[in-house]
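Each chain is listed here by its residues.
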Amino acid sequence: MRARALAGAVAAVCVLLGLFGDATYRQAAAGDAYRVVFHYEDGAGVTEVYEDVRTGERRLMSSRLRQEGGDAPEQVYNERLQGRLPVTLHERPKNVLVVGLGTGVSLSGALTDEVESLTCVDISAGVIRAARLFGEANRHVLDDPRVRIVEQDGRNFIKLTDERYDLIVQELFFPYRSGVGSLYTREHFARCRSRLAPGGRFGQWISLSQIGTNELRSLTRTFTDVFEHTSAWLVGAYLLLIGGDQPIQFETDHEALAYFVAGHQPLRDWSAAAPINSEDNLAIEHAVPLAFRSLNTTELAIQNLRELVAIEQPITV
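Presented here is a report on the structure given in the accompanying data block. Each chain has its residues counted from 1, running along the sequence as written. Given that this is a predicted model, residues contribute local features only at a pLDDT of at least 70 and side-chain atom pairs are listed and counted only at 80 or more, while totals for whole chains, interfaces and linings are drawn from all residues. Side-chain metrics rest on all non-hydrogen atoms present in the structure, leaving aside hydrogens and water.

With respect to the overall build of the chain
Moving on, step 1. Elements are defined by DSSP. Helices are runs of H or I of four residues or more, strands are runs of E of two residues or more, and each kind is numbered from the N terminus. A tally of regular secondary structure across the chain gives 11 helices and 12 strands.
Moving on, step 2. Here the globule rule reads 2.2 Å times residues to the power 0.38, and the radius of gyration is calculated from C-alpha atoms. Its C-alpha atoms give the chain a radius of gyration of 21 Å, near enough to 20 Å, the size a compact globule of 317 residues would have.
Moving on, step 3. Its C-alpha atoms give the chain principal-axis dimensions of roughly 75 × 45 × 40 Å.
Moving on, step 4. Three labels apply to residues, based on accessible area from a 1.4 Å probe with only protein chains included: buried if under 20% of the type maximum, exposed if over 50%, partly exposed otherwise in between. A burial count over the chain gives 50% of its 317 residues as buried.

Re unusual backbone geometry
Moving on, step 1. Non-glycine residue S63 carries a positive phi angle of around 55°.
Moving on, step 2. Relative to the helices and strands, S63 resides in the loop between strand 3 (58-62) and strand 4 (66-70).
Moving on, step 3. Phi angles above zero are rare outside glycine, and N296 is one such case at about 60°.
Moving on, step 4. Its place among the elements puts N296 in the loop between helix 10 (283-287) and helix 11 (298-310).

A look at the nonpolar core
Moving on, step 1. Residues belong to a common nonpolar core when they are buried Ala, Val, Leu, Ile, Met, Phe, Trp, Tyr or Cys residues joined through side-chain atoms within 4.5 Å. By size, the foremost hydrophobic cluster in this structure holds 37 residues, and its most contacted members are F189, F202, L219, L239 and L241.
Moving on, step 2. Here the element with the most residues in this core is helix 8 (residues 213-226); it accounts for 4 residues.
Moving on, step 3. Contacts are assigned to residue pairs with any non-hydrogen atoms lying within 4.5 Å of each other. Sequence-distant contacts of L239, defined by excluding residues within four places in its chain, comprise Q204, W205, I206, L208, L216, A232, W233, L234 and L308.
Moving on, step 4. If you look at the next biggest cluster of nonpolar residues, it comprises 34 residues, including L89, L118, F134 and A256.

A few points about the packing of aromatic side chains
Moving on, step 1. Any Phe, Tyr or Trp ring, taking Trp's six-membered ring, that has another such ring centre within 6.5 Å forms a pair; planes under 30 degrees apart are called stacked, those over 60 apart edge-to-face, and the others tilted. A full pass over the atoms with the stated rule returns 8 aromatic pairs.
Moving on, step 2. Where F223 meets F227, the ring centres are 4.9 Å apart and the plane angle is 35°; that geometry is what we call tilted.
Moving on, step 3. Given a relative accessible area of 2%, F227 falls into the buried group.
Moving on, step 4. An aromatic cluster of three or more residues is present, and its members are F189, F202, F223 and F227.

Description of the sheet that holds strand 6 (residues 117-122)
Moving on, step 1. Note on pairing: DSSP must find at least two bridges between two strands before they are called paired. Within the open sheet, the 8 strands sit side by side as 7-6-5-8-9-11-10-12. Their pairing is mixed. If you trace the sheet from one side to the other, it starts and ends with strand 7 (147-151) and strand 12 (260-262), each paired once. Between one strand axis and the next, the sheet turns through 20° on average, direction left out of account.
Moving on, step 2. Pairing of strand 8 (residues 165-170) with strand 9 (residues 196-207), which is carried by 5 bridges, proceeds in the parallel orientation. Within strand 9, the position partnered with Q170 by the bridge is Q204. Here an angle of 0 to 180 degrees is reported between the N-to-C directions of two axes, which are lines fitted to C-alpha atoms, with helices fitted over the stretch in contact.

Pasting the structure below:
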């Protein structure tokens, strides 16, 4: 009887909250300028999509703190470019693996005519579901027969798969989130290298407003320690490190050359004094949150851009 009475009380409270209050505080979190068109909760956190009541533009939010992407025109342009650039830097990108889905816009940029199969891994069931609300912006990429979506931790997927890929790309992550530092370790980069087909390449995107300069050096040193041929490419305030066992060969008029920053040796020299980020020394995960007042600021992005401009060179990758 007591259990039945308790269950009835819980049900009554749920009904009252549904009728008279914002039970999950979703609308309170979004504010008056947005309406919540998607809400999902699980062990990975809260995933929501906010829609601007004036423009109809949407934003993908995780844990009500971090914007994972959106469908504003400028965002769509940059995200498609971020998806396309790593594919452009490979001569034959037939089989591609992408870690991180977001809105799916960058994934649509990666799905060029040369790509025969594309696997995308994301740890969040909420993000996978929410991506369909950005169908117009991502060109309904989740419905393309060449695309396979896997709900799994990206690090574990790479550790366990026996498949080989022409190109592996890790999308933008938040370095100050617990566990993300493990995606930047020497051991993880080495596992990614071992999953590449002959002539394959691995790319890592980095937001220059979300990582301190010392930590960016550490990430770069770790990356160049694993990959024999590394180069850096810049799209706005987003840096792409791409590495492999062979140099990238280009015609002099290739469209990607506009984004080139530096090749392997300048990157090695620039980062030589930084610590290696390893599984037993997660320097990046430890240090980035300590500078929380600088994170996601224009000033931090400019500081990192100045460092990169100082080592910019003619293309020799």
